[in-house]
Amino acid sequence: MAPDGNGREPVAYEPGEGCLTTAVRLPVRIVVLVLVVPVRMVWDALVAAAKAGDRTVLRPVGRGCAWLWRHLVAIPVGWVWRNLVVAPVVWLVRHLVVAPAQWLYAYLLAPIGRGIARLLRGVGAVLLWLGKALFVWPWVALWRYVLAPVGRGVAWLLRGAGAVLAWLVRHLVVVPAQWLYAYVLAPVGRGLAWLARGIATVVGTFVGALVRWIVVVPAVALWRHVLQPAGRMLATVVTVVVREVGEAFGHCWRVAGFLSRAVGRFLGAVLRGLFVEPVRWVYRTLLTPLGHAVRDGIWRPVRTALGGIGRATREALGAARASVRETRQEIRRALFGAPREPARRAAGRPRREPGAPEARTLGSSTTALTKD
């Protein structure tokens, strides 16, 4: 800390475990514990119920709603939009607006625009030449041969008159004014300034002393010996109370959490003993053997019988289709005759098999050395 005006270090009070802290802590913690335990138990119950509801109700319902929305609304609406709205509109715009507009621009508007542009360029060139000949060139000649020489003469006369007037002003006004300022006004002003500074210094010293002893010294004494100790005491009390209340809330919230978990475990054990274990025992000792018996004694024989009936039905349908196919071929053969065989099948070669070339030997004429 920075020292005060007298060079003394101010005393720094550190909060400690004093009688005030001990007197505040116990009743505050008791009151806060009584207030916090029901709130913490209700909070834990709401959190558990919210998690269970989210896990068992909200998430499945949300996924089902999202699936229904996608397959019943989004996909059909997207298909209708793309194929029944966008595609016809695009086709109509392309063939009724874009293509006629392109043809109109390419074969009508563009040639007319180019012709009008050439005509306007020619008319503009003619008008520009006429404007120069009627307005620009006469004024240029007037400026070059009349106005410019007259202006240069007038400017030379004005420069001479300005030089004479400047010499008169310098020697009749500026030089006397500089002498008056340097030898009369400046010494008088410096004397008056020195006198004003002296008077201000004396008056300021007197007024400062009065203000110091009448206002500053009593105010400093009041602040140092009355207000500052009282403020430190009040800040210490408020700090202790606020700290203890905050620590009491944290401690009681943790204790309430332990109590809430203990109550939750007790209720869970009671529910498990009253409902879960009997249901589990019924499922394990009654429903599971009954389900196995139904599966082994009823479901498997029925499924085997149904499978045999299905196989027999498929075989009967296959035989019926084969007999119908053969009957149709016999009727076609009796009416239109047998189909003609390809040449390679008549020659004895099987279909889809190329003929094997003869092996080359020295006695054959398949080489260049033995060819006749």
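### What about the overall build of the protein?
Step number 1: Each helix and strand counted, the protein has two helices and zero strands in total.
Step number 2: In the protein, which comprises 372 residues, the proportion classed as buried is 5%.
Step number 3: Expressed as a percentage of contacts within the protein between residues at least 6 apart in sequence, the contacts between residues at least 24 apart total 64%.
Step number 4: Counting every atom, the protein has about 31,300 Å² of accessible surface; 72% of that belongs to carbon and sulfur.

### Some thoughts on the packing of aromatic side chains
Each aromatic ring pair is summarised here by two numbers: the centre-to-centre distance and the angle between the ring planes.
Step number 1: Evaluated as defined, the whole model comprises two aromatic pairs.
Step number 2: Seen in terms of ring centroids, Trp-179 and Tyr-183 are 5.8 Å apart; in terms of plane orientation they differ by 40°. Their pairing is tilted. Linking Trp-179 with Tyr-183, this pair stays in helix H1 (residues 19–336), spanning four residues, or about one helical turn.
Step number 3: Taking NZ or CZ as reference, Arg-212 lies 5.8 Å from the ring centre of Trp-213, over its face.

### Thoughts on the pattern of salt bridges
Step number 1: Evaluated as defined, the whole model comprises five salt bridges.
Step number 2: For the salt bridge of Asp-44 with Arg-40, the shortest nitrogen-to-oxygen distance reads 3.2 Å. On the criterion of helical spacing, the pair formed by Asp-44 and Arg-40 is a turn pair, its members being four residues apart in helix H1.
Step number 3: For Asp-44, a relative accessible area of 21% puts it in the partly exposed group.
Step number 4: Residue Arg-40 is classed as buried on the basis of its relative accessible area, which comes to 11%.
Step number 5: Between Arg-59 and Asp-54 there is a salt bridge, and its shortest N-O distance comes to 2.8 Å.

### Looking at the nonpolar core
Step number 1: In terms of nonpolar packing, the biggest core is built from seven residues, these being Val-28, Val-32, Val-36, Val-37, Ala-248, Cys-252 and Ala-256.
Step number 2: Residues contacting Cys-252, with those up to four places away along its chain left out, are Arg-29, Val-32, Leu-33 and Val-36.

### A few points about the environment of Val-263
Step number 1: Along the chain, Val-263 falls in helix H1.
Step number 2: Residues Val-263 and Met-41 lie 222 residues apart in sequence; the distance between their C-alpha atoms is 8.6 Å.

### Focus on the side chain of Ser-260
Step number 1: One can find Ser-260 in helix H1.
Step number 2: Beyond its immediate sequence surroundings of up to four residues, Ser-260 is in contact with Arg-40, Met-41 and Asp-44.

### A look at the confidence of the model for the protein
Step number 1: Across the protein, pLDDT averages 80, with 84% of residues at or above 70.
Step number 2: In this model, residues 353–372 is a region of pLDDT below 50 whose contacts with residues beyond four sequence positions or in other chains number six contacts.

### So, the environment of Trp-253
Step number 1: Mapped onto the fold, Trp-253 is located in helix H1.
Step number 2: Residue Trp-253 is classed as partly exposed on the basis of its relative accessible area of 35%.
Step number 3: Trp-253 sits 220 residues away from Leu-33 along the chain, and the two C-alpha atoms are 7.7 Å apart.
Step number 4: Non-local contacts of Trp-253, meaning those with residues more than four positions away in its chain, are made with Val-36, Val-39, Arg-40 and Trp-43.

### Here we look at a positive patch on the surface
Step number 1: A cluster of basic side chains, namely Arg-321, Arg-325, Arg-328 and Arg-332, defines a positive patch on the protein surface.
Step number 2: Relative to the elements of secondary structure, Arg-332 occurs in helix H1.

Basis of the calculations
- Residues numbered from 1 in each chain as written.
- Predicted model: local features only at pLDDT ≥ 70, side-chain atom pairs only at ≥ 80, totals over all residues.
- Heavy atoms only, no water.
- Helix = DSSP H or I, 4+ residues; strand = E, 2+ residues; numbered from the N terminus.
- Buried < 20%, exposed > 50% of the residue type's maximum accessible area, 1.4 Å probe, protein only.
- Contact = heavy atoms within 4.5 Å.
- Areas by Shrake-Rupley, 256 points an atom, 1.4 Å probe, with all protein chains shown as cover.
- Phe/Tyr/Trp six-rings, centres within 6.5 Å; stacked < 30°, edge-to-face > 60°.
- Lys NZ or Arg CZ within 6 Å of the ring centre and 35° of its normal.
- Salt bridge = Lys/Arg side-chain N within 4 Å of Asp/Glu carboxyl O.
- Core = buried A, V, L, I, M, F, W, Y, C linked by side-chain atoms within 4.5 Å.
- pLDDT = per-residue confidence, 0-100.
- Patch = residues over 30% accessible without salt bridge, like charges linked within 9 Å, V, L, I, M, F, W, Y side chains within 5 Å.
- Lys, Arg positive; Asp, Glu negative; His and termini not counted.
- Charge placed at Lys NZ, Arg CZ, Asp CG, Glu CD.

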